[in-house]
Amino acid sequence: MQPEPLLGWKRTYSCGALRLTHVGETVTLMGWVHRRRDLGGLVFIDLRDRDGIAQIIFNPQDNSELFEQARQLRNEYVIAVTGVVEQRAEGTVNRELASGTVELRAVTMKLLNTSRVPPLPINEDRVLDDGLRMKYRFLDLRRAPMQQRIITRHRVGKAMRDYLGSQGFLEIETPMLVRSTPEGARDYLVPSRVNPGRFYALPQSPQLFKQLLMVSGLERYFQLARCFRDEDLRADRQPEFTQLDLEMSFIEQDDIFTIIEGTLKHTFKEVLGLDLVTPFPRMPYHVAEQRYSYDKPDAWVGMVFNDLTSAVSKVEFGAWKTAIQEGGCVKGITVPHGAGASRKETDELGNLVKGWGAGGLFTVGFGDDGAVRSSLARYLDEASTASLRESAQAANGDMVMIVAGPTPRVLEVLGKLRLELGRRLKLIPMPGTVIANPAEQPFNFLWVVNFPQFHWNEEEQRLEAEHHPFTSPLPEDIPLMKTDPLKVRSSAYDLVLNGTEMGSGSIRIHQRPLQEMVFEAIGLDPQAANEKFGFLMEAFEYGAPPHGGIALGFDRLTALMSGVDSIREVIAFPKNQNAVDMLTGAPVEVTPEQLALLSVAVVDKKPAGRSASVPAQEVEAGAPA
Ligand code: ASP
């Protein structure tokens, strides 16, 4: 049997579309052989396309030549079949298939293409080697669960576009070749052939362009924007990723929240049939930090931080004493009904906590009878036990998990511990769990507002913008800019979903003097500020409207809505942990001629291996533009 061209054959239905209403109709299906079964003198082919699977039956009594051909079919062969839709006999109905009440009795068939034996099974849903999946991504994407995720991604994007369109937003593309701004993450650079020694950067985000669009009077902008950041690919990052990026004029923070809540409400309804409750709760940054540390609280997990410093101030236990003497603190979270935790469990948590940089985890359990269960029991007299218990708000049966040390460290470690407990106690879905029905997953959104404008960069001994330097300080805090900059609150906000940052944005500065002031505060002298951002500040001098915006992580949101943990599962062609595209092999070396044309030379080339997968390219002449 040789593959043949289509020559006028037309597909009339998709495989997944056949139903009882089609019985008696002659139809043509096209797709891939999912499975072949030779049974009792009949050949059954499960034919698969993007929509689903149809069972095709080849009967030697109808056409013996066709039957012989069907026996030669192998998995992933591509065929077109014309036949008659028949109702399946009672007892042969397949309830797992949408088309399971009918089958197609083949009349003619055309082989469209053959296939080698695929290196990964297309017709089974099981855990596969990641490297293999990446190398054969075109086959991985042929698998039903991957197709579902790609479809979900499309639907999420479409729902967002539809909603924002209905709210007067314009989808506007911004350039991919932009000016390098070393302030954020590391840039991907692109040499300019026609301007030797000069470089474009790939955009880390469309931030400046979207603000300029507001100055241009376009009022409402959005884009599913591709962003590029040359960062080490920790955990679940990709060098290129997609944001739902938007910007609005003549608005305040509440207006942005309303638009985002509306967008997500519409999107969750369209894609998952789920009614999100809006408005989302809001929490000022300082509250989030004191209660949950972290700017990513999962408010519904409960288990807030309790300060135990004064409650245990008289306890003669070395680690606590030192922490307090050195100006630090002792804080704990109380795990309801946690007193029964096994030694193994608390040891595991203790190791995690040490890995996060704390001295250790100290536990004090209260039995159902109120008796103290703790390796520290001998340090705790009656009075300190009572005050610890009161400060920790612990009931009988609860366990208090305590960390001591410098305050910022304690807050950070407890924040992580709290999320870990949330996962272990199944208050937050475990990473890596595939949720069969994402609609059953709790989606808890939360706004964290009023982030500090600056933080102190210990290494460089200077202030740094907490969000980015285009974020406006809260008007009432502007006077503090000169006197106490670390107290200045900004109009930056984060959207948090189930303990994960899902997006961030801010109301922007739209006047030159304030922008200059913020640049100066972060150590950018007026000349440098002008060189790098003069165009923006000049634009502000021509009637810039008040404006603000936000960007949401589109990949991450889609992953959560698909019930998967990794964004690689919802990106058609992702890169691996070393920023390598295992399918095409990018990045690759290029010819000396190509480099010469770009006035670029490669120096200090590392041997092929992990870190050398991205060759170190350095500039021969001239500094990046
Ligand atoms: N450009 C910012 C980001 O990519 C988001 C924003 O402020 O709108 O994080």
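Quick caveat: nothing in here was measured; it's all calculated off a predicted structure. (Residues numbered from 1 in each chain as written. Predicted model: local features only at pLDDT ≥ 70, side-chain atom pairs only at ≥ 80, totals over all residues. Heavy atoms only, no water.)

1. Some thoughts on the site of the ligand
Turning to step 1, where the next piece is worked out: Lining the immediate environment of the ligand, one finds 13 residues, of which Gln207, Lys210, His467, His468 and Arg508 sit closest.
Turning to step 2, where the next piece is worked out: Between an oxygen atom of the ligand and a side-chain N or O atom of Arg229, the distance comes to 3.1 Å.
Turning to step 3, where the next piece is worked out: Burial of the ligand by the protein chains amounts to 91% of its free accessible area of 270 Å².
Turning to step 4, where the next piece is worked out: No other element matches strand 22 (residues 547-553), which puts three residues into the shell around the ligand.
Turning to step 5, where the next piece is worked out: For the shell around the ligand, the residue count by class is two nonpolar, eight polar and three charged. (Near = heavy atom within 4 Å. Polar contact = N/O pair within 3.5 Å; in protein donor to acceptor, adjacent residues only side chain to side chain. Areas by Shrake-Rupley, 256 points an atom, 1.4 Å probe, with all protein chains shown as cover. Helix = DSSP H or I, 4+ residues; strand = E, 2+ residues; numbered from the N terminus. Nonpolar A, V, L, I, M, F, W, Y, C, P; charged D, E, K, R; others polar.)

2. Describing the nonpolar core
Turning to step 1, where the next piece is worked out: Residues Leu264, Phe268 and Phe445 are the most contacted members of the largest nonpolar core, which totals 37 residues.
Turning to step 2, where the next piece is worked out: With eight residues, helix 6 (residues 253-272) is the largest single contributor of residues to this core.
Turning to step 3, where the next piece is worked out: The residues touching Phe268, leaving out its near neighbours within four places in the chain, are Gly273, Leu274, Leu276, Phe443, Phe445, Leu557 and Met561.
Turning to step 4, where the next piece is worked out: Judged by nonpolar contacts, the second largest core, of 24 residues, contains Leu18, Leu29, Ala54 and Ile56. (Core = buried A, V, L, I, M, F, W, Y, C linked by side-chain atoms within 4.5 Å. Buried < 20%, exposed > 50% of the residue type's maximum accessible area, 1.4 Å probe, protein only. Contact = heavy atoms within 4.5 Å.)

3. Looking at the packing of helix 4 (residues 144-166) against helix 6
Turning to step 1, where the next piece is worked out: Interaxial distance between helix 4 and helix 6 falls to 9 Å at its minimum, and their mutual angle equals 135 degrees. The orientation of helix 4 with respect to helix 6, classified from their angle, is oblique. Considering only the axes of helix 4 and helix 6, their crossing is right-handed. Across the interface between the two elements, Thr152, Arg155, Val156, Ala159, Met160, Asp162, Tyr163 and Leu164 from helix 4 touch Ile259, Gly262, Thr263, His266, Thr267, Glu270 and Val271 from helix 6. (Axes fitted to C-alpha atoms, helices over the stretch in contact; angles between N-to-C directions. Parallel < 35°, antiparallel > 145°, perpendicular 65-115°, else oblique. Left-handed = near helix turned anticlockwise from the far one by under 90°.)

4. Topic: the packing of aromatic side chains
The way to describe two aromatic rings as a pair is by their centre distance and the angle between their planes.
Turning to step 1, where the next piece is worked out: Tallying each qualifying case throughout the model produces 16 aromatic pairs.
Turning to step 2, where the next piece is worked out: Where Trp320 meets Phe362, the ring centres are 5.9 Å apart and the plane angle is 85 degrees; that geometry is what we call edge-to-face. Of this pair, Trp320 sits in helix 8 (residues 318-325) while Phe362 sits in strand 14 (residues 362-366), placing them 42 residues apart in sequence. An identical accessibility class is assigned to Trp320 and Phe362; each is buried.
Turning to step 3, where the next piece is worked out: Members of the aromatic cluster, connected to one another through ring pairs, are Phe257, Phe268, Phe280, Phe443, Phe445, Trp447 and Tyr493. (Phe/Tyr/Trp six-rings, centres within 6.5 Å; stacked < 30°, edge-to-face > 60°.)

5. Describing the sheet that holds strand 20 (residues 492-497)
Turning to step 1, where the next piece is worked out: If you trace the eight strands from one edge of the open sheet to the other, you get 6-9-10-22-21-20-17-11, paired in mixed fashion. Edge positions in the sheet fall to strand 6 (170-171) and strand 11 (282-284), since each has one partner strand and no second.
Turning to step 2, where the next piece is worked out: The pairing of strand 21 (residues 500-507) with strand 22 spans five bridges and is antiparallel. Counterpart to Ile507 in the pairing with strand 22 is Gly548.
Turning to step 3, where the next piece is worked out: Lying over the sheet, helix 6 contacts strand 9 (220-228), strand 10 (240-249), strand 11, strand 17 (445-449), strand 20, strand 21 and strand 22, oriented at roughly 165 degrees with respect to strand 17. (Pairing = 2+ DSSP bridges.)

6. Some thoughts on unusual backbone geometry
Trans peptide bonds make up the majority, and among non-glycine residues the majority have a negative phi.
Turning to step 1, where the next piece is worked out: Here the residue pair Thr278 and Pro279 is connected by a cis peptide bond, since its omega of -5 degrees sits within 30 degrees of zero.
Turning to step 2, where the next piece is worked out: Residue position: Pro279 is located in the loop between helix 6 and strand 11.
Turning to step 3, where the next piece is worked out: Across the junction of Ala586 and Pro587, the peptide omega takes the value 0 degrees, indicating a cis bond.
Turning to step 4, where the next piece is worked out: Note that Pro587 resides in the loop between helix 15 (554-562) and helix 16 (592-597).
Turning to step 5, where the next piece is worked out: The backbone of Glu76 shows a phi angle near 75 degrees, a positive value even though the residue is not glycine.
Turning to step 6, where the next piece is worked out: Mapped onto the secondary structure, Glu76 falls in the loop between helix 1 (64-71) and strand 4 (78-87).
Turning to step 7, where the next piece is worked out: The backbone of Gln461 sits at a positive phi, close to 50 degrees, despite the residue not being glycine.
Turning to step 8, where the next piece is worked out: Its location among the elements puts Gln461 in the loop between strand 18 (454-457) and strand 19 (462-465).

7. Observations regarding the pattern of salt bridges
Turning to step 1, where the next piece is worked out: For the structure shown, the criterion picks out 42 salt bridges.
Turning to step 2, where the next piece is worked out: A salt bridge links Asp130 to Arg133, with the shortest nitrogen-to-oxygen separation between them at 3.6 Å. In this pair, Asp130 and Arg133 both sit in helix 2 (residues 130-135), three residues apart, roughly one turn of the helix.
Turning to step 3, where the next piece is worked out: For the salt bridge of Arg424 with Glu420, the shortest nitrogen-to-oxygen distance reads 2.8 Å. Linking Arg424 with Glu420, this pair stays in helix 11 (residues 407-424), spanning four residues, or about one helical turn.
Turning to step 4, where the next piece is worked out: The partly exposed category is assigned to Arg424, whose relative accessible area is 31%.
Turning to step 5, where the next piece is worked out: Judged by its relative accessible area of 16%, Glu420 falls in the buried class. (Salt bridge = Lys/Arg side-chain N within 4 Å of Asp/Glu carboxyl O.)

8. Digging into the confidence of the model for the chain
Do not read the predicted coordinates in detail wherever pLDDT is low.
Turning to step 1, where the next piece is worked out: Predicted confidence across the chain gives a mean pLDDT of 90, with 92% of residues reaching 70 or more.
Turning to step 2, where the next piece is worked out: Within the model, pLDDT remains below 50 along residues 430-435, and this stretch shows nine contacts once partners closer than five positions in the same chain are excluded.
Turning to step 3, where the next piece is worked out: Per-residue pLDDT stays below 50 along residues 609-625; that stretch engages in 28 contacts with residues further than four places along the chain or on separate chains. (pLDDT = per-residue confidence, 0-100.)

9. Digging into the sheet that holds strand 15 (residues 372-373)
Turning to step 1, where the next piece is worked out: The five strands are arranged 12-13-16-14-15 in an open sheet whose pairing can be described as antiparallel. Where the open sheet ends on each side, the last strands, each with one partner, are strand 12 (305-307) and strand 15.
Turning to step 2, where the next piece is worked out: Bridging between strand 14 and strand 15 involves two bridges; their strand directions are antiparallel. When the sheet's bridge partners are listed, Gly365 is paired in strand 15 with Arg373.
Turning to step 3, where the next piece is worked out: On the sheet, helix 8 packs against strand 13 (329-335), strand 14 and strand 16 (399-405) and is oriented at approximately 50 degrees with respect to strand 16.
Turning to step 4, where the next piece is worked out: Strands in contact with helix 10 (residues 382-392) are strand 12, strand 13, strand 14, strand 15 and strand 16; relative to strand 14, the strand with the most contacts, it is inclined by about 90 degrees.

10. Digging into helix 5 (residues 207-215)
Turning to step 1, where the next piece is worked out: Among the nine residues of helix 5, seven are classified as buried, and the element is accordingly described as predominantly covered.
Turning to step 2, where the next piece is worked out: Every buried residue belonging to helix 5 is among Gln207, Leu208, Lys210, Gln211, Leu213, Met214 and Val215, and all of these are buried.
Turning to step 3, where the next piece is worked out: Structurally, helix 5 contributes buried residues whose contacts are with strand 9, strand 10, helix 14 (526-540) and strand 22.
Turning to step 4, where the next piece is worked out: Within two residues after helix 5, Gly217 carries a phi angle of roughly 85 degrees, on the positive side.

11. Some words on the pairing of strand 13
Turning to step 1, where the next piece is worked out: Counting buried residues along strand 13, seven of its seven residues qualify, which places the element largely inside the surrounding structure.
Turning to step 2, where the next piece is worked out: Residues of strand 13 alternate between two faces, with Cys329, Lys331, Ile333 and Val335 on one and Val330, Gly332 and Thr334 on the opposite face, all of them buried.
Turning to step 3, where the next piece is worked out: In this structure, strand 12 lies alongside strand 13, joined through three bridges in antiparallel fashion. Bridged to Asn306 within strand 13 is Gly332.
Turning to step 4, where the next piece is worked out: Relative to strand 16, strand 13 is paired through seven bridges, and the arrangement is antiparallel. Along strand 16, the bridge assignment pairs Cys329 with Gly405.

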